[in-house]
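# Understanding the architecture of this molecule
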Amino acid sequence: MRVEVLSGVERRRQWSDDEKVRIIEETLVPGARVAEVARRNAVSASLVFGWRRLARDGLLGRGDPALVPVEIVAPIPALPAPAAPSVPRPRRSAGLIEIELSQGRRLRVGPDVDVDALRRVLDALDRR
């Protein structure tokens, strides 16, 4: 059994990041119980759960960056750019409407013309 005597004003134990990580790693062993690990290390289970949450969120330590194993694999070949959709060009004579205006001007519109827009243009030209 380990006994730790605390003296002075400070009543709380200061745990180093290495100690916290060691205790957290003990809880990750298959079959380990957080309460037992906490009791064995003389720390409350709620504190260990808090440390585990901090470690999971990457907030424990915040010291030097940890090194993790990396595997470099061949790059995935780039996918070919999608082909531009081929838009069939309407034949000039198919559905083409020719409107003769004053002063010899002509207005040609296709079958897909916006009727409201055409009406506004014709009204504007008529007012001239």
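Look above for the structure.
Since we're looking at a predicted model, the values are computed, not measured.

A separate point is the packing of aromatic side chains. Two numbers describe a pair of aromatic rings. These are the distance of the centres and the angle of the planes. Here the structure, examined in full by the defined rule, presents 1 aromatic pair. For the ring pair Trp15 and Trp51, a centre distance of 5.6 Å and an interplane angle of 65° mean the geometry is edge-to-face. Of this pair, Trp15 sits in the segment before α1 (17–27) while Trp51 is found in helix α3 (residues 45–56), placing the two residues 36 residues apart along the sequence. Its relative accessible area of 13% is what places Trp15 among the buried residues. Sitting above the plane of the Trp15 ring, Arg13 keeps its charged end 4.0 Å from the centroid.

Quick look at the packing of α1 against α3 now. Packing of α1 against α3 leaves a shortest axis separation of 10 Å and a crossing angle of 95°. With respect to each other, α1 and α3 are oriented roughly perpendicular. On α3, the residues touching Lys20, Ile23, Ile24 and Thr27 of α1 are Val48, Trp51, Arg52 and Ala55. Partitioned by chemical class, the residues of the contact of α1 with α3 number 5 nonpolar, 1 polar and 2 charged.

Calculation rules
Residues numbered from 1 in each chain as written. Predicted model: local features only at pLDDT ≥ 70, side-chain atom pairs only at ≥ 80, totals over all residues. Heavy atoms only, no water. Phe/Tyr/Trp six-rings, centres within 6.5 Å; stacked < 30°, edge-to-face > 60°. Helix = DSSP H or I, 4+ residues; strand = E, 2+ residues; numbered from the N terminus. Buried < 20%, exposed > 50% of the residue type's maximum accessible area, 1.4 Å probe, protein only. Lys NZ or Arg CZ within 6 Å of the ring centre and 35° of its normal. Axes fitted to C-alpha atoms, helices over the stretch in contact; angles between N-to-C directions. Parallel < 35°, antiparallel > 145°, perpendicular 65-115°, else oblique. Contact = heavy atoms within 4.5 Å. Nonpolar A, V, L, I, M, F, W, Y, C, P; charged D, E, K, R; others polar.

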